[in-house]
Amino acid sequence: MERPFHLTYEVQDKRAGENFSRLRVVPGAELNADILAETNVNDQADGDAAVVAAQGEELALVDDTGKVVARSNREVIDDSARQTLTSEEIEVLRREGASAGKELIAKLMLSHTAIDQKTTYSLAKYKLLKERKFLRRFSVLPLDVVLLGQWLLENRDAWKVLDLRPEMMGLLGCWADVHFGGEPAQGAREPHGGRWLVVDDTGGLLVAALAERMGLLCRGPGRQSASASAAEQGDTARTADATPGRGGANGGPGRPTSPSPPRAQRTAKKRPRCDDLDEHYALTNTITLIHANSQPNLSVLRYFDYDASDPSPAPPYHPLFTNLLPISWLQLVSPADDVVCSEKPADATPEELASWKPNRRGNYHRKRRRWARTNEVVENTRAGGFSGLAVATTMDPVSVLREALPLLAGGAPIAIYSPTIEPLEQLADCFSIGRRAAWVSSLPAEAVGKTQAELDRWEGTREFPINPTLVLGAAVQSSRARRWQVLPGRTHPFMTGRGGAEGFLFTAWRAIPALGKVSARGKFQKRRGEAA
């Protein structure tokens, strides 16, 4: 429809000879007629039969000419017992009324025998309820992570996103210090700058929130990595042997897809073939996602036009195609036991490839590209140096940190979300001052003689589940944004809200223990006779 967002539209009645309803953009003056009427009772929106206006501390109902029909005397009454219009008459007015229900609302208020006995709050609430019921208006808002998260909490299964509320998503991103990591350095061959490690069991909601903060969530003009540009230059050749007819990332739900060009036209636009083993991912501004299954669960990202199940989408690429690096726990802990990492496809000569059928040739290239992508992610992840860690999972946080902490750079922030507080309290106790002091004063027998690298990945004991010197500033917090009701004379927080888990957040910073014995030097005692 190509209509702008954030405008309010009104569904008008069907015209004679038309089988559709037209839309009208509602101006701001009409939307705020009640507020504007507070300063001038005679200022009414065009076409209104009646409005509710304010004079001092009391409300008045005025007609087309500005004549005051009724005033309020701030007495609470019963609404249903004072309405003279029957349900049949209201239905007739609803079918035959003009201006999409405005005349019906005005007649309902004018036919109320006790409108002058309503309080300021009661009169405003009565008009608001009738507008919501009979006024056919709607506003179109762009889909963002906060709006989607609120919809998943209230209308879908909240447990699938671990009851992750918008304010907790904001705290996760802030405490993990997630931001745009900078443009890739010229000539750089190693990962650098703005790399975050993520464990997400919310179906991709946490990844979407972090990607939005990094500028990677949506298509359009903006930052693009060097790897994405290089990938687009050779995309046609890389997907030449793939199965035809694949929709790719552009075929999300509710989005139109362009028809495929003829085969001759596609062949004419082919570029030189790229090597299957070339680099596939960006070096900076990346999200490395650790997941527990063979494929990561990123179903939420389909609402943002990204299909995580398509390894070779058609250009133009989504930013997450080159900046979201998935890796399984098995590939991270023991890559030799993973079938994809350990079994490299055999090389084939050009003559052998030419003799194969298209399906076999396509499978050969797909396996080589999958092996190259997987090993690239595994090598870059195990090399470490990440800028931060963000976690939202039901797994034991101690086991998560045992594998993730050695991958973080010194001073990297850590933010872990849990629906309940007990796992995070146990994790915070592992890094308490008492445990750290006991560790420094007397190492456990199992840790004696180990190097710092071995202590970073120490399996732990019952007394020390994890090395307590690897983290500083451990704390647990929670936050909940309370909704407020704002009406004339009645402003207060809502006393009731949705249930579910409260949600808690563990925050800390990665510390690198000093090597050797730490001792203080110098004289710190004051001499006698010195001035204070």
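First things first, this report covers the structure right here in the doc. Note on numbering: residues in each chain are counted from 1, in written sequence order. Totals for whole chains, interfaces and linings use all residues, but because this is a predicted model, local features are given only for residues with pLDDT of at least 70 and pairs of side-chain atoms are given and counted only at 80 or more. Excluded from the side-chain calculation are hydrogens and water; included are all heavy atoms of the structure.

**Topic: the overall build of the chain**
In plain terms, the rule: Each helix is a run of DSSP H or I of at least 4 residues and each strand a run of E of at least 2, with the numbering of both proceeding from the N terminus. With a 1.4 Å probe rolled over the protein chains alone, any residue whose accessible area is under 20% of its type maximum counts as buried; one over 50% counts as exposed, and the rest are partly exposed. A contact between two residues is defined here by any heavy atoms of the two lying within 4.5 Å. To be clear on the numbers: accessible area is Shrake-Rupley with a 1.4 Å probe, and residue cover counts the displayed protein chains and nothing else.
The helix and strand inventory of the chain stands at 20 helices and 15 strands. Within the span of the chain, comprising 532 residues, buried residues form 41% of the whole. Counted over contacts in the chain with a minimum sequence separation of 6, partners at least 24 positions apart contribute 74%. By element, 52% of the accessible surface of the chain is carried by carbon and sulfur atoms, the whole surface being about 29,900 Å².

**Things to note about the environment of glutamate 190**
Looking at the element boundaries, glutamate 190 is found in the loop between helix H7 (166-175) and strand S7 (195-200). For the pair glutamate 190 and leucine 283, spaced 93 residues apart in sequence, the C-alpha to C-alpha distance is 6.6 Å.

**Side note on a nonpolar patch on the surface**
What counts, and what does not: Patches were defined on residues exceeding 30% relative accessible area and lacking a salt bridge, with like-charge contacts within 9 Å and nonpolar side-chain contacts (Val, Leu, Ile, Met, Phe, Trp, Tyr) within 5 Å. Within this document, salt bridges are pairs made up of a side-chain nitrogen of Lys or Arg and a carboxyl oxygen of Asp or Glu, the two lying within 4 Å of each other.
Judged by side-chain polarity, Leu141, Leu143 and Leu147 come together as a nonpolar surface patch covering roughly 250 Å² of accessible area. Its place among the elements puts leucine 141 in the loop between strand S6 (137-139) and helix H6 (145-155). Residue class for leucine 141 comes out partly exposed when judged on its relative accessible area of 49%.

**A short note on the sheet that holds S7**
Rule in force here: The criterion for strand pairing is that DSSP finds at least two bridges linking the strands in question. In this analysis an axis means a line fitted to C-alpha atoms, helices contributing only their contacting stretch, and an angle means the value between N-to-C directions, from 0 to 180 degrees.
Taken together, seven strands build an open sheet; the order of strands is S9-S8-S7-S10-S11-S15-S12 and the sheet is mixed. In the strand order of this sheet, the two ends are held by strand S9 (324-328) and strand S12 (471-477), each with one partner. The mean inter-strand angle of the sheet, taken between neighbouring strand axes irrespective of direction, is 15°. Of the strands in this sheet, S7, strand S8 (286-291), S9 and strand S10 (388-392) are in contact with helix H8 (residues 205-214), which crosses S7 at around 160°.

**Re unusual backbone geometry**
In this model, proline 315 is joined to proline 316 through a cis peptide bond whose omega is 0°. Along the polypeptide, proline 316 turns up in the loop between S8 and helix H12 (320-323).

**Let's talk about the environment of glutamate 422**
For glutamate 422, the position within the fold is in helix H18 (residues 422-430). A residue is classified by how much of its surface remains accessible, and glutamate 422, at 49% relative accessible area, is partly exposed. It is 9.5 Å that separates the C-alpha atoms of glutamate 422 and phenylalanine 504, two residues lying 82 residues apart in sequence.

**Focus on the side chain of glutamate 376**
For clarity, the cut-off: His is not counted, nor are the chain ends, whereas Lys and Arg count as positive and Asp and Glu as negative. Polar contacts, as counted here, are pairs of nitrogen or oxygen atoms within 3.5 Å of one another; within protein the pair requires one atom able to donate a hydrogen and one able to accept it, and residues that are adjacent in sequence qualify only if both atoms are side-chain atoms.
By secondary structure assignment, the location of glutamate 376 is in helix H16 (residues 358-382). It turns out glutamate 376 is buried and unbridged, and the closest side chain with the opposite charge, arginine 373, is 7.9 Å from it. Looking at glutamate 376, its side chain comes within polar contact range of the main-chain nitrogen of tyrosine 281, at 3.3 Å. Those residues in contact with glutamate 376, other than ones at most four positions away along the chain, are Asp278, Glu279, His280 and Tyr281.

**Some points on the sheet that holds S6**
What the three strands build is an open sheet, ordered S2-S1-S6; its pairing is antiparallel. Of all the strands in the sheet, the pair left with one neighbour each is strand S2 (23-25) and S6. The average undirected angle you get between the axes of adjacent strands in this sheet is 35°.

**Let's talk about the side chain of asparagine 467**
As for its placement among the helices and strands, asparagine 467 is situated in the loop between helix H20 (452-456) and S12. By relative accessible area, asparagine 467 is classed as buried at 1%. The residues touching asparagine 467, leaving out its near neighbours within four places in the chain, are Phe431, Trp439, Gln452, Leu455 and Trp458.

**So, the packing of aromatic side chains**
Note the threshold: Classification of ring pairs rests on two measures: the distance between centres of Phe, Tyr or Trp rings, Trp counted by its six-membered ring, which must be within 6.5 Å, and the angle between planes, read as stacked under 30 degrees, edge-to-face over 60 and tilted in between. Placement of a positive charge over a ring is assigned whenever Lys NZ or Arg CZ falls within 6 Å of the ring centre and within 35 degrees of the normal to the ring plane.
All told, the structure shown has seven aromatic pairs when counted by the stated rule. Between tyrosine 317 and phenylalanine 321 the ring centres are 4.5 Å apart and the planes differ by 20°, which places this aromatic pair in the stacked class. When its relative accessible area of 8% is taken as the criterion, tyrosine 317 is described as buried. By relative accessible area, phenylalanine 321 is classed as buried at 12%. An aromatic cluster of at least three residues, connected via ring pairs, comprises Trp439, Trp458 and Phe464. Taking NZ or CZ as reference, arginine 195 lies 4.2 Å from the ring centre of phenylalanine 386, over its face.

**Regarding the pattern of salt bridges**
Pairs can form between side chains of opposite charge once their charged atoms are near each other. A full pass over the atoms with the stated rule returns 10 salt bridges. Lysine 160 serves as the salt-bridge partner of aspartate 157, at 3.6 Å between the closest nitrogen and oxygen. Each of Glu10, Arg24 and Arg137 takes part in a single network of salt bridges with overlapping partners.

**Side note on H6**
Heads up, the rule is: The directions from the helix axis to the C-beta atoms are what the arc is built from.
What H6 keeps buried is the set Val145, Leu148, Gly149, Leu152 and Leu153. What you see down the axis of H6 is that its buried residues fit within an arc of 135°, all on one side. Residues of H6 that are buried in the fold lie against H7 and H8.

**Quick notes on helix H5 (residues 120-134)**
Selection rule: Multiplying 1.5 Å by the residue count of a helix minus one yields the expected span of that helix.
Under the 1.5 Å per step criterion, the end-to-end length of H5 is 22 Å for 15 residues, consistent within 8% with the ideal 21 Å. Listing the buried residues of H5 in full gives Thr120, Tyr121, Ser122, Leu123, Ala124, Tyr126, Lys127 and Phe134.

**Examining the nonpolar core**
Operational definition: The nonpolar core is taken to be a set of buried Ala, Val, Leu, Ile, Met, Phe, Trp, Tyr and Cys residues, with the residues joined through side-chain atoms within 4.5 Å.
Formed by 40 residues in total, the largest nonpolar core has its most connected members in Val145, Leu205, Leu301, Leu324 and Tyr417. Where this core is concerned, the elements lending two or more residues are H6, H7, S7, H8, S8, S10 and strand S11 (413-418). The element that contributes the greatest number of residues to this core is H8, accounting for eight residues. When near neighbours in sequence (up to four residues on either side) are disregarded, leucine 301 contacts Gly204, Val207, Ala208, Leu217, Tyr306, Leu320 and Leu324. Within the second largest apolar cluster, 35 residues are counted, among which are Tyr281, Val398, Leu407 and Ala508.

**Topic: the packing of H6 against H8**
Note the threshold: Oblique is the label for every angle not falling under 35 degrees (roughly parallel), over 145 degrees (roughly antiparallel), or within 65 to 115 degrees (roughly perpendicular). In this scheme the handedness of a crossing depends on how the near helix is turned from the far one: anticlockwise by less than a right angle means left-handed, clockwise means right-handed. When residue character is reported, Ala, Val, Leu, Ile, Met, Phe, Trp, Tyr, Cys and Pro are called nonpolar, Asp, Glu, Lys and Arg charged, and the others, Gly included, polar.
Interhelical geometry of H6 versus H8 gives an angle of 165° and a closest axis separation of 10 Å. It follows from the interaxial angle that H6 and H8 lie roughly antiparallel. As for the relative orientation of H6 and H8, their crossing is left-handed in sense. Only Leu205, Ala208, Ala209 and Glu212 of H8 make contact with H6, whose side of the interface consists of Val145, Gly149 and Leu152. Tallied by class, the residues present in the contact of H6 with H8 amount to five nonpolar, one polar and one charged.

**Remarks on the packing of H7 against H8**
Interhelical geometry of H7 versus H8 gives an angle of 55° and a closest axis separation of 10 Å. Comparing the axis directions of H7 and H8 gives the class oblique. In this structure, H7 crosses over H8, and the sense of that crossing is right-handed. In this structure, H7 contributes Met169, Gly170, Leu172, Gly173 and Cys174 to the contact, and H8 contributes Leu205, Leu206, Ala209, Leu210 and Arg213. Of the residues belonging to the contact of H7 with H8, the class tally is seven nonpolar, two polar and one charged.

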